[in-house]
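Observations on chain architecture
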Amino acid sequence: KENSLQSFDNVKILVCTDSINSNYLHNMIQQWQDILGYYVSVDEVGKDEFDKRIAENNYQIALYELNSDFNSPESFLSQFTVEDNVFGVNSDEINNAYKKVLETASLSDRINLYGDVESKIISSDCFYPLYYKPVYVITPSKIQDFLYDPLGKQVYWKYIKKFS
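One structure accompanies this document, and this report is about it. (Residues numbered from 1 in each chain as written. Predicted model: local features only at pLDDT ≥ 70, side-chain atom pairs only at ≥ 80, totals over all residues. Heavy atoms only, no water.)

**Considering the pattern of salt bridges**
- Under the defined criterion, the tally for this structure stands at six salt bridges.
- Across the pair D43 and R53 runs a salt bridge whose closest N-O atoms are separated by 2.8 Å. Here R53 lies in helix α2 (residues 47-55) and D43 lies in strand β2 (residues 40-45), a separation of ten residues in the sequence.
- Between D51 and K47 there is a salt bridge, with its nearest N and O atoms 2.8 Å apart. In this pair, D51 and K47 are both assigned in helix α2, four residues apart and thus about one turn of the helix distant.
- Classification of D51 by relative accessible area gives partly exposed; the value is 33%.
- Here the salt bridges do not stand alone but share partners, grouping E93, D116 and K120 into one network. (Salt bridge = Lys/Arg side-chain N within 4 Å of Asp/Glu carboxyl O. Helix = DSSP H or I, 4+ residues; strand = E, 2+ residues; numbered from the N terminus. Buried < 20%, exposed > 50% of the residue type's maximum accessible area, 1.4 Å probe, protein only.)

**A look at a nonpolar patch on the surface**
- Side chains of L147, Y156 and Y159 sit close together on the surface and give an oily, nonpolar patch of about 270 Å² of accessible area.
- Tracing the chain through its elements places Y156 in the loop between β6 (154-155) and β7 (161-162). (Patch = residues over 30% accessible without salt bridge, like charges linked within 9 Å, V, L, I, M, F, W, Y side chains within 5 Å. Areas by Shrake-Rupley, 256 points an atom, 1.4 Å probe, with all protein chains shown as cover.)

**Examining α2**
- For α2, the complete set of buried residues consists of F50, R53 and I54. Burial along α2 is one-sided: seen end-on, the buried residues are contained in an arc of 100 degrees. Exposed residues on α2 whose side chains face more than 90 degrees from its buried face are D48 and A55.
- Residues of α2 that are buried make contact with β1 (11-16), β2 and β3 (61-63).
- Two residues or fewer past α2, N57 is found with a positive phi of approximately 60 degrees. (Arc of directions from axis to C-beta. Contact = heavy atoms within 4.5 Å.)

**Digging into the side chain of S41**
- Inspection of the secondary structure puts S41 in strand β2.
- You can call S41 buried: its relative accessible area is 16%.
- Among all residues touching S41, those that are not within four sequence positions of it are V11, K12 and I13.

**Details of the packing of helix α4 (residues 92-102) against helix α5 (residues 107-123)**
- Relative orientation of the contacting elements α4 and α5 amounts to 165 degrees, with a least axis distance of 9 Å. The angle between the axes of α4 and α5 places the two elements in the roughly antiparallel class. Taken as a pair, α4 and α5 cross one another with a handedness that is left-handed. Contact residues: E93, I94, A97, Y98, K100, V101 and L102 in α4; R110, L113, Y114, D116, V117, K120 and I121 in α5.
- Looking at the contact of α4 with α5 residue by residue, the classes come out as nine nonpolar, no polar and five charged. (Axes fitted to C-alpha atoms, helices over the stretch in contact; angles between N-to-C directions. Parallel < 35°, antiparallel > 145°, perpendicular 65-115°, else oblique. Left-handed = near helix turned anticlockwise from the far one by under 90°. Nonpolar A, V, L, I, M, F, W, Y, C, P; charged D, E, K, R; others polar.)

**Quick look at the nonpolar core**
- In this structure, L77, F80, F87, V117, I121 and F127 are the most contacted members of the largest nonpolar core, which totals 14 residues.
- Residue assignment for this core shows that the elements contributing at least two residues are α4 and α5.
- Apart from the residues lying within four places of it in its own chain, the contact partners of F127 are L66, F80, F87, I121 and I122.
- With ten residues, the next largest nonpolar core counts I13, V15, I20 and I29 among its residues. (Core = buried A, V, L, I, M, F, W, Y, C linked by side-chain atoms within 4.5 Å.)

**Some thoughts on helix α1 (residues 23-36)**
- Between its first and last C-alpha, α1 extends 20 Å over 14 residues, near the 20 Å set by a 1.5 Å rise per residue.
- Where α1 terminates, the next one or two residues include G37, which has phi positive at roughly 80 degrees. (Expected span 1.5 Å × (residues − 1).)

**Thoughts on the pairing of β2**
- The element β2 is largely enclosed, with a buried count of five among its six residues.
- Bridge count between β1 and β2: six bridges; the pairing is parallel. For V15, the partnering residue across the bridge sits in β2 and is E44.
- Handedness of the crossover joining β1 and β2 through α1: right-handed. (Pairing = 2+ DSSP bridges. Right-handed = clockwise from strand over helix to strand, strands pointing away.)

What follows is the structure in structure tokens.
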């Protein structure tokens, strides 16, 4: 039956083993089977095979790790605005909403517009954010002005001060 639990039978979730630990996914799928009575399988592949299948649109559902180039929502959102992006989204609605963000100077207005772009991406039914991976940096108390960009994974060494 379409739009029912039975429509999930025989669904495979494509996972890249190089970037995603699928143990949690297997646990969640086991709970789905126990509670809801249907089974979803996991298709675990390496990065090259994963990228090939994404490019060829050869998957039903894929868990895709989305990374940022810099510490801003724009770095994530821009990945949905270019033609021939990996997600297959080519929406004037998304592109126009993103352009509006770039043309807006006020930070508080931009924050609202980021949410608008994200809503348009989610409503396009191609991408759903599932979780965010936190990154932690621990330093001794004698270190000050430690600047770390968790998205670019860069430490700005020239600003660090150490006190005795």
